[in-house]
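In case you want the letters, here they are:
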Amino acid sequence: MHLRDLGIRTRVFILVLVPILGLVAVLLSSWSVMARVRIGGPVATELMAQKDLIADILPPPLFIVEAHLLAHEIITATTPAQIESAVKGLEKCKEQFKERREFWRNGLTDELADAMYERVIPAAEQYLTLATTDLVAHARAARREQAQALVRGRLEELFSEHRAAVVSAAEQATRLVEQTATRAEAEVAAGLRTMLVSAGIAVVLMVGLATWVGLSISVPLRRVLEAMREVARGNGDLRKRIDVKPDASEIGQFVTLFNSFTRTINSIVREIDATGRELNERAGQISAAAARSVEELEKQESNIQRIGATVDELTGSTASIIGSSQRATESAQATGSVAGEGESTMKLTIQGMERINEAVDAGSQSVQTLGSRSDEIGQIIGVINDI
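Residues numbered from 1 in each chain as written. Predicted model: local features only at pLDDT ≥ 70, side-chain atom pairs only at ≥ 80, totals over all residues. Heavy atoms only, no water.

### Notes on a nonpolar patch on the surface
Inference 1: Together, Val197, Ile201 and Leu205 make up an exposed nonpolar region whose accessible area comes to about 300 Å².
Inference 2: Assignment of secondary structure puts Leu205 in helix 6 (residues 144-233).
Inference 3: Relative accessible area serves as the criterion here: at 58%, Leu205 is assigned to the exposed category. (Patch = residues over 30% accessible without salt bridge, like charges linked within 9 Å, V, L, I, M, F, W, Y side chains within 5 Å. Areas by Shrake-Rupley, 256 points an atom, 1.4 Å probe, with all protein chains shown as cover. Salt bridge = Lys/Arg side-chain N within 4 Å of Asp/Glu carboxyl O. Helix = DSSP H or I, 4+ residues; strand = E, 2+ residues; numbered from the N terminus. Buried < 20%, exposed > 50% of the residue type's maximum accessible area, 1.4 Å probe, protein only.)

Below is the structure:
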């Protein structure tokens with residue numbers, strides 16, 4: 001079975017089914033991607049694990065634990081080189097701290113911003129300022145006791161305050177992360193439900209639209225085909241019309257033209273029927289005329305037979321007259337007294353022969369006339385037979 005053999009409704013269903021299958025494929029792919037990248041999914045879990053690993057390996061710039069460790073190295077260093085190495089590390093921690101402080105200035109919620117910029121960062125800034133100024137100055141001047149007192153006194157207090165603020169901010173951040181993850185999971189689930197519901201509605205609408213379009217095309221065409229099939233079989237009623245509401249579509253125009261076509265054919269058939277009836281009447285009239293012509297021909301034939309008998313009688317009379325003429329001649333030779341009577345008899349005989357000749361000519365013309373009428377009657381009978 002070829003694609004060109006498919007019906008219109010089947011083609012419309014295929015036309016709609018292909019986008020539906022594509023939509024289902026996109027939904028399944030989107031579902032798979034969202035399931036992988038959503039919070040708690042394998043991709044997000046792997047990403048969080050990598051970030052946690054980096055956080056566990058590297059010291060956090062905003063938590064000055066490395067700077068505090070370098071401060072202790074400074075007070076325990078025994079050579080100027082060790083002191084300068086620790087000072088460079090301390091300066092680097094200060095630069096990283098400033099960089100991350102500016103980075104998070106506009107990227108936090110109000111609650112976390114208050115915790116960071118009101119408690120965590122102020123203590124760290126005071127610690128780094130004292131460490132890079134007073135502590136470095138004592139260490140470079142070899143004032144070990146003053147350096148140790150600063151580290152174990154004021155810097156230790158600032159570090160303890162900073163660490164407590166960091167722990168509190170971390171707890172708040174963890175709680176916010178959990179809330180954000182829960183909200184994100186709910187939003188993802190709601191989005192998936194909305195997507196599925198929308199896809200279901202779209203599929204239903206597309207199937208309904210395909211059904212409506214297919215029926216709106218196939219039903220009128222099926223009626224047209226059935227009507228044409230009836231006409232092709234020869235038992236169709238040309239008075240029937242396709243009962244479809246006319247519209248401006250191609251199907252509506254086709255139905256209107258088909259109804260007009262059957263109406264025209266019906267009119268032609270009626271005219272042919274009326275013409276056939278008229279021909280039958282004319283044929284009856286011609287048949288009656290032919291019958292009358294046959295009767296007239298029979299009468300003419302009877303007249304011809306009577307004329308022939310008359311001609312035979314005249315022929316016999318002519319022979320008798322000729323014999324009489326011969327005897328009259330002999331009598332005239334025998335007797336002169338009856339000469340006058342013989343002459344009169346001859347004249348009468350000649351006149352009688354002329355009348356006989358005229359009668360024979362008239363009979364011949366009548367026979368010719370009857371012959372021409374017989375030919376005309378034969379042609380009329382031939383036409384009747386053809387009809």
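### Here we look at the side chain of Gln172
Inference 1: Relative to the helices and strands, Gln172 resides in helix 6.
Inference 2: Leave out the neighbours within four places in its chain, and Gln172 touches Glu111, Leu112, Ala115 and Arg119. (Contact = heavy atoms within 4.5 Å.)

### Considerations on the side chain of His162
Inference 1: Checked against the element boundaries, His162 lands in helix 6.
Inference 2: Those residues in contact with His162 that lie beyond four places of it in its chain are Leu62, Phe63, Ile64, Val120, Ala123 and Ala124.

### Concerning the confidence of the model for the protein chain
Inference 1: Looking at the protein chain as a whole, its pLDDT mean stands at 76, while 65% of the residues score no less than 70.
Inference 2: Confidence, read as mean pLDDT per element, is least for helix 2 (residues 42-57) in the protein chain (63) and greatest for helix 3 (residues 65-76) (93). (pLDDT = per-residue confidence, 0-100.)

### Comments concerning helix 5 (residues 110-140)
Inference 1: Taking 1.5 Å of rise per residue, the 31 residues of helix 5 would be expected to cover 45 Å, and the 42 Å separating its terminal C-alpha atoms lies within 8% of that figure.
Inference 2: A maximum bend of about 40° is found in helix 5 at Ile121, where proline Pro122 lies one to four positions downstream.
Inference 3: Just past helix 5, the residue Ala142 takes up positive phi, approximately 65°. (Expected span 1.5 Å × (residues − 1). Bend = angle between axes of the 7 residues up to and from the residue.)

### A look at the packing of helix 3 against helix 5
Inference 1: Look at helix 3 against helix 5: their axes get within 11 Å of each other, and the N-to-C directions meet at 10°. In terms of their interaxial angle, helix 3 and helix 5 are classed as roughly parallel. Touching Ala67, His68, Ala71, Ile74 and Ile75 of helix 3 are Tyr127, Leu128, Leu135 and Ala139, all from helix 5.
Inference 2: The residue makeup of the contact of helix 3 with helix 5, split by class, is eight nonpolar, one polar and no charged. (Axes fitted to C-alpha atoms, helices over the stretch in contact; angles between N-to-C directions. Parallel < 35°, antiparallel > 145°, perpendicular 65-115°, else oblique. Nonpolar A, V, L, I, M, F, W, Y, C, P; charged D, E, K, R; others polar.)

### Quick notes on the environment of Val167
Inference 1: Inspection of the secondary structure puts Val167 in helix 6.
Inference 2: The exposure class of Val167 is partly exposed, given its relative accessible area of 44%.

### Observations concerning the pattern of salt bridges
Inference 1: One pass over the full model with this rule turns up six salt bridges.
Inference 2: Here Glu125 ties to Arg101 by a salt bridge, and the two come within 2.3 Å at their closest N and O atoms. Separated by 24 residues along the polypeptide, Glu125 in helix 5 and Arg101 in helix 4 (residues 80-103) bring together distant segments of the chain.
Inference 3: Look at Arg101 and you get buried, because its relative accessible area is 16%.
Inference 4: Two residues, Glu102 and Arg105, come together in a salt bridge whose shortest N-O distance is 3.2 Å.
Inference 5: A relative accessible area of 44% means that Glu102 is categorised as partly exposed.
Inference 6: Here the salt bridges share partners, and the residues they tie into one network are Arg101, Glu102, Arg105 and Glu125.

### Structural notes on the packing of aromatic side chains
Inference 1: Counted by the stated rule, this structure contains three aromatic pairs.
Inference 2: Centre to centre, the rings of Phe103 and Trp104 are 5.1 Å apart; their planes meet at 90°, and the pair counts as edge-to-face.
Inference 3: On the accessibility criterion, Trp104 (31% relative accessible area) is partly exposed.
Inference 4: Plain terms: the ring middles of Tyr127 and Phe159 are 6.4 Å apart, the flat faces sit at 55° to each other, and that makes the pair tilted. Of this pair, Tyr127 sits in helix 5 while Phe159 sits in helix 6; the two residues are 32 residues apart in sequence, bridging distant segments of the chain. You'll find Tyr127 and Phe159 in the same group, each marked buried.
Inference 5: When the ring centre of Phe103 is taken as reference, the NZ or CZ atom of Arg100 above it lies at 4.3 Å. (Phe/Tyr/Trp six-rings, centres within 6.5 Å; stacked < 30°, edge-to-face > 60°. Lys NZ or Arg CZ within 6 Å of the ring centre and 35° of its normal.)

### Brief notes about unusual backbone geometry
Inference 1: Positive phi outside glycine occurs at Ala142, with the angle close to 65°.
Inference 2: Relative to the elements of secondary structure, Ala142 occurs in the loop between helix 5 and helix 6.
Inference 3: Accessibility expressed as a relative area gives 65% for Ala142, which makes it exposed.

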